[in-house]
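# Results of the structural survey
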Amino acid sequence: MPSGTRPTAVVAGGRIPTPRGEVPMSQATLSLTFTDAQAAAIDAALTELENQFAALVGMPADKRRKLMKMGDKSEAFCRQTLSLLEQNPLMVPRGMALTDVRQSFDALDWLRPRVQRLQRLGERLDNTNTVVGADIMKASLQGYALLKVSGRNQGLEGLRETLGARFARRSKSAGAKAA
């Protein structure tokens, strides 16, 4: 791919530019390539994102499940409560740091649009990964079918049988023993 061009998808025999990554829903072939310069730029951008987001929190799923969640209705409640407490500072005990809560809301408001953009990009990456894998499976199954038909005459029967192990079904008794 020439330098400075966008990746394209080859779908159903025609070239369709994909500036936003959209791919038709049919199981068509997707030919996706990136130049070395693009790969280096993407890797550098990801490294920079990781560096800039170094303060983000990681935690195990069980700990995350135990945390109280703030949904849309709870968020409205929290914002109203904070606003009322800020308007009535004499009600607030000294140990209650409203500035910390306000700072948390500011962080939440700053994070949300970035989370949405990253989620959208992650979904497109995941979808592309699925399409590429499906294309590989489709081509491999076609190749395997060719080996089944033509492989005997080419001395490939043993290799075809090895590949065929992927499709071998276990008997119920063998499955029970494995469990």
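Just so we're clear, the structure is a prediction, and the values are computed from it rather than from any experiment. (Residues numbered from 1 in each chain as written. Predicted model: local features only at pLDDT ≥ 70, side-chain atom pairs only at ≥ 80, totals over all residues. Heavy atoms only, no water.)

### So, the packing of helix α4 (residues 98-150) against helix α5 (residues 157-164)
Rules: For helices, the fitted axis covers only the stretch in contact; all axes are lines through C-alpha atoms, and the angles between them, taken along N-to-C directions, range from 0 to 180 degrees. The helix count covers DSSP runs of H or I at least four residues long, the strand count covers runs of E at least two residues long, and both are numbered beginning at the N terminus. By the definition adopted for this analysis, an angle is roughly parallel if under 35 degrees, roughly antiparallel if over 145, roughly perpendicular if from 65 to 115, and oblique otherwise. Each crossing gets its hand from how the near helix is turned against the far one by less than a right angle, where anticlockwise is left-handed and clockwise is right-handed. In what follows, a contact means two residues having at least one pair of non-hydrogen atoms within 4.5 Å.
The N-to-C vectors of α4 and α5 enclose an angle of 140°; their axes lie 10 Å apart at closest approach. Here α4 is positioned oblique relative to α5, judged by the angle of their axes. The chirality of how α4 crosses α5 is left-handed. Residues Y144, L147 and K148 of α4 form the contact with α5, whose participating residues are R160, L163 and G164.

### With respect to the packing of helix α3 (residues 72-87) against α4
Put simply, α3 and α4 touch, their axes get as near as 11 Å, and they point 140° apart. With respect to each other, α3 and α4 are oriented oblique. In the crossing of α3 with α4, the sense of the turn from one axis to the other is left-handed. When α3 is examined against α4, the residues E75, C78, R79, L82, L85 and E86 are found in contact with a partner set consisting of L98, V101, R102, F105, L108, D109 and R112.

### Quick look at the packing of aromatic side chains
Where two aromatic rings form a pair, the distance of their centres and the angle of their planes describe that pair. To keep things clear, this is the line we draw: Centres within 6.5 Å make a pair out of two Phe, Tyr or Trp rings, where for Trp the six-membered ring is used; the pair is then stacked when the planes are under 30 degrees apart, edge-to-face when over 60, and tilted otherwise. Put simply, a charge is over a ring when the Lys NZ or the Arg CZ is close to the ring centre, within 6 Å, and near the line of the ring normal, within 35 degrees.
This model, assessed by the stated rule, comprises 1 aromatic pair. Across from the ring centre of W110, 4.0 Å away, lies the NZ or CZ of R114, which sits over that ring.

### With respect to the confidence of the model for the chain
In low-pLDDT regions, the fine details of the predicted coordinates are not to be read closely. Where we set the bar: pLDDT: the predictor's confidence for each residue, scored from 0 to 100.
Averaged over all residues, the pLDDT of the chain is 82; the fraction at 70 or higher stands at 77%. Mean pLDDT per element in the chain: strand β2 (residues 14-17) is the minimum at 40, and helix α1 (residues 36-52) is the maximum at 97. Ignoring residues within four places in sequence, the model shows residues 8-19, a span with pLDDT below 50, making 26 contacts including any to other chains. With pLDDT under 50 throughout, residues 22-26 is counted as low confidence; its partners more than four residues away or in other chains account for 3 contacts.

### What about α4?
We count it as follows: Any helix carries an expected span of 1.5 Å times its number of residues minus one. Bend angle per residue: angle between axes fitted to the 7 residues ending at that residue and the 7 residues starting there. Only protein chains enter the accessibility calculation, which uses a 1.4 Å probe. A residue is then buried if its area is under 20% of the maximum for its type, exposed if over 50%, and partly exposed in between.
For α4, built from 53 residues, the straight-helix expectation of 78 Å at 1.5 Å per residue is met to within 8% by its first-to-last C-alpha distance of 75 Å. Roughly 30° is the biggest bend found in α4, and it falls at L111, with proline P113 one to four residues downstream. Regarding α4, the residues found buried are L98, F105, D135 and Y144. Looking at the buried residues of α4, the elements they touch are α3 and α5.

### Digging into the pattern of salt bridges
Any two side chains of opposite charge can pair if their charged atoms end up close together. Counted only if it meets this: Salt-bridge detection follows one rule: a side-chain nitrogen of Lys or Arg within 4 Å of a carboxyl oxygen of Asp or Glu.
Using the criterion set out here, one finds 4 salt bridges in the structure. In this structure, R102 and E86 form a salt bridge, with 2.8 Å as the shortest nitrogen-oxygen distance. Here R102 is found in helix α4, whereas its partner E86 is found in helix α3, with 16 residues between them in sequence. On the basis of relative accessibility, which here comes to 29%, the residue R102 falls in the partly exposed class. Through salt bridges with shared partners, a single network forms among E75, R79, D109 and R112.

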